[in-house]
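# Coordinate inspection notes
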Amino acid sequence: MKVAAFGFSTIDVYEDLGLHYATGNGIDCIIQLARRGIATSAVTVVGDDEYGREMIGTLNSFSINTDHVQIRSGSTSIFKMGLKNGNDRVHLENIPGVMADYTPTREDILFVKKHEYVHMDLTGHVLYLMPELKASGCKIIMDYSVQKNEQTLTATLPFVDYAFFSYGKKDSFVRDFLIYTKGLGPRSIIATFGPEGSMAYDGNSFYSHGIMDVPVINTVGAGDAFIAGFMYGVMQNNGIESCMHSGTKFSAEVIQKFNPY
């Protein structure tokens, strides 16, 4: 069982606190999986700067394969972060650096194809490779975050196996949205609602799960941890309800710490 995070990576920088850490949607996800013994790889790009060395060092510290992390002349992508309402993290500014024009090599792509699961998101510049990866047998995990643009959904969901959305809060349209997106192709559609828990739809039934009552230190990374926990359950051949429980558990662990892993 091997999982690749393909595309986006960055360093979250809290200038006011003098803190920073390596992150990214897929990076956070595979770190959580690597901690549970799943073989993982990062396929992305960093600069030849201190932040790039830190990204690779962090990944290696979790025994994540970095053979296909490109190192290019320039600066590693960073997100300037801030705090709101005490512990709610906000993204202030993205400085993409070498991530702005990331293009995987043919060797990178062939390497990704060796993985059973591939995590992708909207900012990694690799969505055009979805059909090729799907045709090779990869199962695609897609983090759509809050994106609900119909053009984006119809172009990508036919190639996705597990689609995750951050829906903000439960409303009267969420079930219709899950039915619509499931009809475009994925095996399962999962929506998270922050403090209102999560909901999943597999084409036959809806499943709901609440949150765990734990102290909240960090809200960034909770969604990525949920995806990791859900997919860990999938990899153990668990049912959807069990997968949602493990997603909730992984997320609850993360929000009690400053960094997302």
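Up top you'll find the structure we're talking about.
Residues numbered from 1 in each chain as written. Predicted model: local features only at pLDDT ≥ 70, side-chain atom pairs only at ≥ 80, totals over all residues. Heavy atoms only, no water.

A separate point is the side chain of K182. Positionally, K182 belongs in helix α6 (residues 174-182). Buried charged residue K182 carries no salt bridge. Nearest counter-charge: D202, at 7.2 Å. A polar atom in the side chain of K182 sits 3.0 Å from the backbone oxygen of P186. The contact partners of K182, leaving out residues within four places of it in the chain, are R187, I189, Y201, D202 and G203. (Helix = DSSP H or I, 4+ residues; strand = E, 2+ residues; numbered from the N terminus. Buried < 20%, exposed > 50% of the residue type's maximum accessible area, 1.4 Å probe, protein only. Lys, Arg positive; Asp, Glu negative; His and termini not counted. Salt bridge = Lys/Arg side-chain N within 4 Å of Asp/Glu carboxyl O. Polar contact = N/O pair within 3.5 Å; in protein donor to acceptor, adjacent residues only side chain to side chain. Contact = heavy atoms within 4.5 Å.)

For the rest of this paragraph, the subject is the sheet that holds strand β1 (residues 2-6). The mixed open sheet is built from nine strands, whose spatial order is β5-β4-β1-β8-β9-β10-β11-β12-β13. Each having just a single partner strand, β5 (69-72) and β13 (206-209) make up the two edges of the open sheet. Shown here is a sheet whose adjacent strand axes are inclined to one another by a mean of 15 degrees, direction ignored. The sheet contact formed by strand β9 (residues 139-145) and strand β10 (residues 162-166) spans four bridges and is parallel. Across the sheet, M142 pairs through a bridge with A163, a residue of β10. Relative to β10, helix α7 (residues 222-235) is tilted by about 155 degrees, and along the sheet it contacts β1, β8 (117-121), β9, β10, β11 (188-192) and β12 (198-201). (Pairing = 2+ DSSP bridges. Axes fitted to C-alpha atoms, helices over the stretch in contact; angles between N-to-C directions.)

Counted according to the given criterion, the structure contains nine aromatic pairs. When the ring of Y14 is compared with that of Y21, the centres are 6.1 Å apart and the planes differ by 40 degrees; the resulting orientation is tilted. Neither Y14 nor Y21 differs from the other in exposure class; each is buried. Three or more aromatic residues joined by ring pairs make a cluster, and in this case those are Y144, F165, Y167, F177 and F193. K139 extends its terminal NZ or CZ atom over the ring of Y117, reaching a point 5.4 Å from the ring centre. One cation-aromatic arrangement involves K148 over Y167; the distance from NZ or CZ to the ring centre is 4.6 Å. (Phe/Tyr/Trp six-rings, centres within 6.5 Å; stacked < 30°, edge-to-face > 60°. Lys NZ or Arg CZ within 6 Å of the ring centre and 35° of its normal.)

So, about the pattern of salt bridges. Enumeration over the complete set of coordinates arrives at nine salt bridges. Note that K134 and D161 form a salt bridge whose closest N and O atoms lie 2.9 Å from each other. With K134 in helix α4 (residues 130-135) and D161 in the loop between α5 (150-156) and β10, this pair connects stretches of sequence that are 27 residues apart. Taken together, the salt bridges that share partners define one network made up of E15, K80 and E93.

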